[in-house]
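Letter by letter, the chains look like this.
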Amino acid sequence: MNFFKGLNKEQWTALGAAALSAFLLLFGFSSGGAAGGGALRAAAEEPYNAQKARYVELPNENFAIYWGKNPFRIESAVKLPIPTIKVPEPREEEMLAPLVRPHPAWENYNSLAAPVKYPTLSAGAPLIAEANLPAAAEVQELTKLEEPVVPSRPDRRAEKEREFAEVRPKNGAPYQALKVEDKDVVLIVTKKGGNKVRYAPGEITYDQNWTFEEKYKYESERVKPGAKEPEEHLKIAKGCLDNGMIPEAKEELKKAIELRKDYLEAILLLGQVAVDSSDFETAVATYRAGIEAGAPPGDLWFEIGRCLKMLSFNEGALVAFEKAVEAQPRLHRARIALARAQVDAGQGQAAVDGASDFFIKLGNAPDTTPAQRAEASLVRGLGYIRVGQLEKARADFADCLKVDTTNAEAMNGNGAALALLGEFPQAAPEFVKAIRANQYLTEAWTNLAALYLLGGKWAEAEQIAAAGSQRDPSSVEALLERGLAQLMAGNKDAPKMFDLAEKTGPTSLQVLMVTGLLRLREGQNEAALEKFVAALRRDFYFLPAYSAAAAAYLRTGRKLAEARDDVSARKADEMRVNAETLLRRIREFDPSRPGAHAALGCAYAAMQRPEEARESLRKANSLSQKGADPLVYYGLGYLDYYYGPGDPAANLAAARTQFDQAVKLEGTATDPFSLRVIDECKSVIDKIDLWDRTSLRLLETFDGPDAKNIGSNWLERHGNGIKITRAGGRGKFAGKQAVREFALTSLMHEVPGADFYSFEMTFMPEKVDRAEFGMSIFHTVQGSTHSGFSVGIDASGKPRYQANSSDNDLDVHDMAVGWQEIKTPLPNPKEITIRVTLTEAKNRARVFTIHFWDPAKADWVPAAPPVTVNPPKGAWQVGGWVHAPVNHEVLLFVDNVKVLDQAKR
Amino acid sequence: MEYFWKENKRFVIAVAGGLAFLILYQALVLGKIRGAAELADRTRRSKQTEIERKMAQGVPTEESLAVARKDRDLTRKVLAQMAPETAFTVPDRFQKPKSRPKELKEYYDDLLIKLTDELKEKATNGRLGFPPTLGMPDTVNEDTVPEMLLRLAVVDRLSTLCIDAECEKIESINPLHGADQDERSSKKSRFLTKYSVFIRFSGRADAIFKVIHGAQKKGSYLAVTQFDMSRPDATKDVFEAALGVALLKVDDKGELDAP
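These lines cover the structure that appears in this document, whether it is placed above or below. (Residues numbered from 1 in each chain as written. Chains lettered and ligands numbered in written order. Predicted model: local features only at pLDDT ≥ 70, side-chain atom pairs only at ≥ 80, totals over all residues. Heavy atoms only, no water.)

This next bit is on the overall build of chain A. Within chain A, the secondary structure is distributed over 31 helices and 25 strands. For chain A, buried positions account for 48% of its 905 residues. Element-wise, carbon and sulfur atoms account for 51% of the exposed surface of chain A, whose accessible area totals about 44300 Å². (Helix = DSSP H or I, 4+ residues; strand = E, 2+ residues; numbered from the N terminus. Buried < 20%, exposed > 50% of the residue type's maximum accessible area, 1.4 Å probe, protein only. Areas by Shrake-Rupley, 256 points an atom, 1.4 Å probe, with all protein chains shown as cover.)

Once that is clear, we can look at the sheet that holds strand β5 (residues 165–169) of chain A. Each strand in a sheet pairs with its neighbour through backbone hydrogen bonds, running either in the same direction (parallel) or in the opposite one (antiparallel). Residues and elements named next belong to chain A. Spatially, five strands are ordered β8-β7-β6-β5-β9 in an open sheet, and the strand pairing comes out antiparallel. The open sheet is flanked by β8 (196–199) and β9 (204–207), the only strands paired with a single partner. Between one strand and the next, the sheet's axes are offset by a mean angle of 40°, whatever the strand orientation. With four bridges joining them, strand β7 (residues 187–191) and β8 adopt antiparallel strand pairing. Looking at β8, one finds that Thr-190 is bridged to Lys-196. (Pairing = 2+ DSSP bridges. Axes fitted to C-alpha atoms, helices over the stretch in contact; angles between N-to-C directions.)

With that settled, consider a nonpolar patch on the surface. All names here are of chain B. Taken together, the side chains of Leu-24, Leu-28, Val-29 and Ile-33 present a nonpolar region at the surface, about 390 Å² in accessible area. With respect to the helices, strands and loops of the structure, Val-29 is situated in helix α1 (residues 2–55). For Val-29, a relative accessible area of 34% puts it in the partly exposed group. (Patch = residues over 30% accessible without salt bridge, like charges linked within 9 Å, V, L, I, M, F, W, Y side chains within 5 Å. Salt bridge = Lys/Arg side-chain N within 4 Å of Asp/Glu carboxyl O.)

A few words on helix α9 (residues 280–293) of chain A. Residues and elements named next belong to chain A. Its 14 residues place the ends of α9 20 Å apart at the C-alpha level, agreeing with the 20 Å of an ideal helix rising 1.5 Å per residue. Those residues of α9 that fall on the buried side of the exposure criterion are Phe-280, Ala-283, Val-284, Thr-286, Tyr-287 and Gly-290. With its buried residues spanning 155° around the axis, α9 presents them on a single face. Opposite the buried face of α9, at more than 90 degrees from it, the exposed residues are Glu-281 and Glu-292. Each element contacted by the buried residues of α9 is listed here: α8 (264–276) and α10 (297–310). Immediately downstream of α9, the backbone of Gly-294 shows phi near 100°, a positive value. (Expected span 1.5 Å × (residues − 1). Arc of directions from axis to C-beta. Contact = heavy atoms within 4.5 Å.)

Another point: the packing of helix α23 (residues 525–538) of chain A against helix α24 (residues 543–562) of chain A. Residues and elements named next belong to chain A. Two elements in contact, α23 and α24, have axes separated by 9 Å at closest approach and are oriented at 155°. In terms of orientation, α23 lies roughly antiparallel with respect to α24. Note on packing geometry: the crossing formed by α23 with α24 is left-handed. Seen from α23, the contacting residues are Asn-525, Glu-526, Leu-529, Phe-532, Ala-535 and Leu-536; seen from α24, they are Ala-545, Tyr-546, Ala-548, Ala-549, Ala-552, Tyr-553, Arg-555, Thr-556 and Lys-559. Of the residues assigned to the contact of α23 with α24, the class counts are 10 nonpolar, two polar and three charged. (Parallel < 35°, antiparallel > 145°, perpendicular 65-115°, else oblique. Left-handed = near helix turned anticlockwise from the far one by under 90°. Nonpolar A, V, L, I, M, F, W, Y, C, P; charged D, E, K, R; others polar.)

Time to look at the side chain of B:Glu168. Checked against the element boundaries, B:Glu168 lands in the loop between α4 (145–164) and β2 (169–174). For B:Glu168, the residues in contact, after removing those within four places along its chain, are A:Asp703, A:Gly704, A:Pro705, A:Arg726, B:Arg127, B:Leu128, B:Gly129, B:Ser202, B:Gly203 and B:Val238.

Residue and element names in this part refer to chain B. Strand order in the open sheet formed by four strands is β2-β3-β5-β4, with antiparallel pairing between adjacent strands. The outermost strands of the open sheet, each flanked by one partner alone, are β2 and β4 (223–230). Taking the axes of each pair of neighbouring strands and ignoring which way they run, one obtains an average angle of 15° across the sheet. For β4 and strand β5 (residues 239–250), the ladder comprises seven bridges, and the chain directions are antiparallel. For Ser-230, the partnering residue across the bridge sits in β5 and is Glu-240.

A few words now on unusual backbone geometry. All names here are of chain A. The omega torsion across Arg-101 and Pro-102 is 0°, close enough to zero to call that bond cis. Relative to the elements of secondary structure, Pro-102 occurs in the loop between β3 (95–96) and α3 (106–110). The phi dihedral of Phe-702 falls on the positive side, at around 55°, and the residue is not glycine. Within the element layout of this structure, Phe-702 appears in the loop between β10 (694–700) and β11 (714–717). On the basis of relative accessibility, which here comes to 0%, the residue Phe-702 falls in the buried class.

All names here are of chain A. The terminal C-alpha atoms of helix α13 (residues 348–362), which comprises 15 residues, lie 21 Å apart, in line with the 21 Å expected from a rise of 1.5 Å per residue. Those residues of α13 not exposed but buried are Gly-348, Ala-351, Val-352, Ala-355, Ser-356, Phe-358 and Leu-362. Projected down its long axis, α13 shows its buried positions confined to an angular sector of 165°, all on one face. Packing partners of the buried residues in α13 comprise α12 (332–344) and α14 (370–387).

All names here are of chain A. Structurally, Leu-652 is set in helix α29 (residues 648–664). Sequence spacing of Leu-652 and Asp-640 is 12 residues, and the spatial spacing of their C-alpha atoms is 7.0 Å. Leaving out residues up to four positions away in the same chain, Leu-652 has contacts with Ile-82, Tyr-641, Ile-688 and Trp-691.

This is the structure:
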C-alpha cells in the first residue's frame, strides 16, 4: 500500500492508463470482432415419401400352379419362313434387228439423237407399220428382177473378118476371092472357082479374109523395129483384146513394155487384163514393175489400190491410194478413192475431210468432171453417215443424185440415213430405187429386208434377203437376215442359216450377237458369254453386247449360286460384279437407256445392295417412254419383300402392292418377257397370300440329346414291347412286339382342327419285318376311340390309306381289310415323307389329299385321288404309329412332324 | 534522466513488469484462443453452406420425420423376418470344417472333384449336356475357402435343379460371377453379403421356369438377380436361358452399405 501512497498525481494517471490497457489486452478487445453466427436462409418443406411396403413372398412350392398353360408353346401359330421368290432378272435381250448400211460408227451411233436405237425384233410388236412398207407386189417384182447378161468377150481367133477376100484391081472391077497370098514379089489370088491369078504388088488393093489369129500373126510378124514399135504392139494387143485373144494380147503388151519399160498405157492395159482374169497378183506386180521402171506412179498406185480393194485388203488399198495422191495430187480418182477407202476403213471424219479437200482444191478445176464431183459427194455423204451427221449426208447424196441420177449407192445411203433417223416410211422407197438402179448393191437388198423384219413381215424379209444372197452369196448380212426371218417365223431351218452365216463371217459383229443371243436362249450361258465378249472385243461401243454379256453373267451367277457351296457362291458373286460393271458402262455411254438402269437394278438386287437397286429401278421407271415396265415393279417388289424396313408381314404387304402394279400391266405389256414377269408376279402374290394365311401349328424335329422322354405334349401309347424314345435327333420306335398281335404303339399330338391345312411326317424304317407303320389324322373322338384318316405302309412295303380308321382298329389287326392301296410307288422306301392336306375342292367339298415327297424332283407328288371327308373342327390328334405281329422286332425312326394351319379366306 | 529514474524507479519497474506480463499473456494464451476461434468459424461457415444446399431441396417436418422413423422400424422388422425366409441352408458338406488351414484347402479340393463327378453322373443319367468343369478356381487360399464352399453349394443347387427340371444342356457355369466386384471377400462383416453364380442353360420353356422356381424355394433360397431367355428357333420349344442367382447372407450386426 506504501507503493500507492508514494505515487504522485502524474503517476496515478500513468498507472490508470496502464491498467486500462492491460484490461483491454486481457479481454481481447484489441482487434477483430467476435465471431457471430449468420442466420440460415429459409427453406421449403421436404415431403416424406413413404417407402413401399416390403414383404416376403416366396413362390409356392407347387410349380404346376404357375405353369398351367405354356405361353411359349410352339403350337401357338408360328409364321412360316417367308417363301423364296426369284431374284429379278434383266429383261431378256431381244433379237437385235439387222443394221442398215452404211451405218455410223457405234460410238457415234450411241450419241445419235435418233428416236429408235438398236431396234429389236419382236413378234407382234412391229416397229414399222405395214402401210409404210412397199407392197407385196413390189417385193415380188423386185425378187423377179432379171439379172443382166454379163457381157463376155468370146475368143474369135478362128473367126474371119469376112468370108471372101475383097480384091480391088487397079484396072478392073473388084471381085471376091477365096484367098490372097502375099509372096513379097507377087500376090497370088485364088478365085472362087479355084483359079489362081498373079499380081505384082501395087496392081491390086485387097482386104484379106483371114481368121483373126492369122491376121494377128501376120501383123505381129510384120511389126517393124523402131521408135514406134511399142505403140504397134499396143495396137495389136488392143486388137487381140477386141477379139478375145487374151494370151496374144498379153504377149503383145509384154513386148511393148519390154521395149519401153515405163510405157504407162501398156502397163495399165496389161494390169487390167490380169485384173479381168482375177489375176490380181500379176496385176499388182505389173504396176509395181512399172513404178520401178519410172512410169508415172500416181495412176499405178491408184490401180494397185483398186486391186487391193478388190481383194478386200482395205488397209493396203488405203496406203496405195495415199501414195497415189502423194505422187499425183491432182489425180481426181485417186483422191476420191482415198476418201472412199477411209470410209471403208471406218475413218469417217478423215473421209469427210478428204472429200471436202477435193471440193476445195479440185472442185472448180476445169479438168474436174461432174461425175467426179458426184462421186466425191457420194463419198463425203458416206463419211458423214459414219460420223453420225445424217442430215449433211443426205444433202451430199442429193448432190450426187443431181448429176448421177441412177447412183444406187447414193439412193441406198439416203435411205439408210432416213432409216437411222427413224423415218422408215421414206427410207423403204429409197432402197427399192437403189435395187432397181443396181441390183448388185447387196446393201440395198439387206437394208430393205431389215425394214421388213422391223415391220414383222417375215416372209417378205426372207424373200428380199434371199434375193440379195443370190446376188452376193458371200453376204453375211443377207444370210443372217434370212435366218432371222426364219427364226421369227418359227421356221426350223433358221439354225442352219445361222450356221452358214457364222461360217461365212465368224467375226461379224451381228453374227456374234445373234448367235450369242441364241445360245443364251438355249441356256448355254458360257458359250453365249464367249460370243458377247468377242463382239465387245470387236467394237468397244456396241452396247447390246454389254447388256447381253451382263445377262449371261447374271444367269451364270444364279446357276452357280444354286450349288450353295462357298466356292460357287464366290464365283457367283464375281459374275454379278462383272455384270454390274458392264451395265454401269452402258449407263455411262447412254444414261437415257431405261433398260440399262432396270438391268442394273436387277444386278444390284442379286448382289444384295437394295438401296442402289431401288435407285436404278426408279430411274428406269422415270426414263421409260414405252410406259411402265412390269420388271421394274417386280424388282421393287422383290426389294420390299426381302429388304423392307418392317416386319415380314409388313414387308410382304408392301411387296404385294408392287407385284399388283405389275399385274395391272397385263393388258398393255404384251411382249413375252413382260408376260412372263407378270405371271411370276401373280405366282408371288399367291405365295404371299398363302403365307399370310398359313401358320405353323406344330413342328417337331426331335432335336436334342437322346432321351427316354420323347418330349412334352406328346401322347404316347405303348406297353406292348415297342418303346418310343428320342435318339439321334429323331423319334425312335424300337423293340419287340411282345404282348399281342398288332397291338398299337403310337405317338400322337393334339392339334386344333379348325384351321387344319396339312400334316406331314417322315418315316425311316430300319427293321420293319412284317410290321406296319404310318400316320393318322384322328379328327373324331367317341368315348376313348379316336378315328380319322390314316396313311400307312403295309407289311409288303405298299402304301395304303383308310379314310375311316381308328386307333382301336389299328390296335387289333393289320391293314389287310378296308385299306385302299396307293398305286403311286414310294419315291424312296428308306425315307418316306408323307403329307396329307385338307383342302376345299371345286364343289366346296373338303378333301384329304396324300402326297409323297420326291427327292429327285424336290417336290411333292400327288399319290392318290383326293378323298372327300367332312371332319369336325374340334381337337384332333395327329401322329405316327407302328404295329407288328407278335415277337417281331421293330426299329423305326420318325422325324420332321409338321402341321400347318391355314386361315380361311 | 537520473532524476526521473531515482524519482520513479519503483513505478517504472512495476509498469514494465505489468506490461511484460500482458505481452506474454497475449502471445501465449489469447493467440491460441483466437486461432481456434477462426478455425471454428470457418467450419461453421462451410457447414452452413452445406446445410443450406441440402435445405434447398426441402426441409423435413417433424411429422414426416415421425413417419420416416416408423417406416424405418417396420423395415427393420421385415428385414428380421426376411432373413430366415431368404436364407440358404448350406448343406453340411459345404460348411467350413473345423480343421487347420492346410486341411481346409485339401477339403475344398476334394469336395470340388467329388461334386464335379457327382453332378456329371447325375447329368448323364438325366440326359443333360453338362460342361466339362464347374468353373471353380483350381487354386484357392485358406481365407477364401469358406466363400468358395458357399459358391460351390450354389453351383450344386443350380445344376441339380437343371437336371431335375429335364433341361437339355448346361452351356456354362460361372461360380465367381460378381466376385471381382462388390462381392470380394472382406473380413469386415456386412449386413448383406451376396455370392452370385451365373449359369447358361437350355431346355423347354417349362424346364427353364422350373429352374427359376426351384431356385427361390424356401430354405434354399437364391435371389434371381439376372435372367435372359431367348428362342433361337421360333419353330421349336427350345429356349436358351442366362440366369444369375445370388446366395444372400444377412448379418444383423454387420455394416449397412451406404445407399
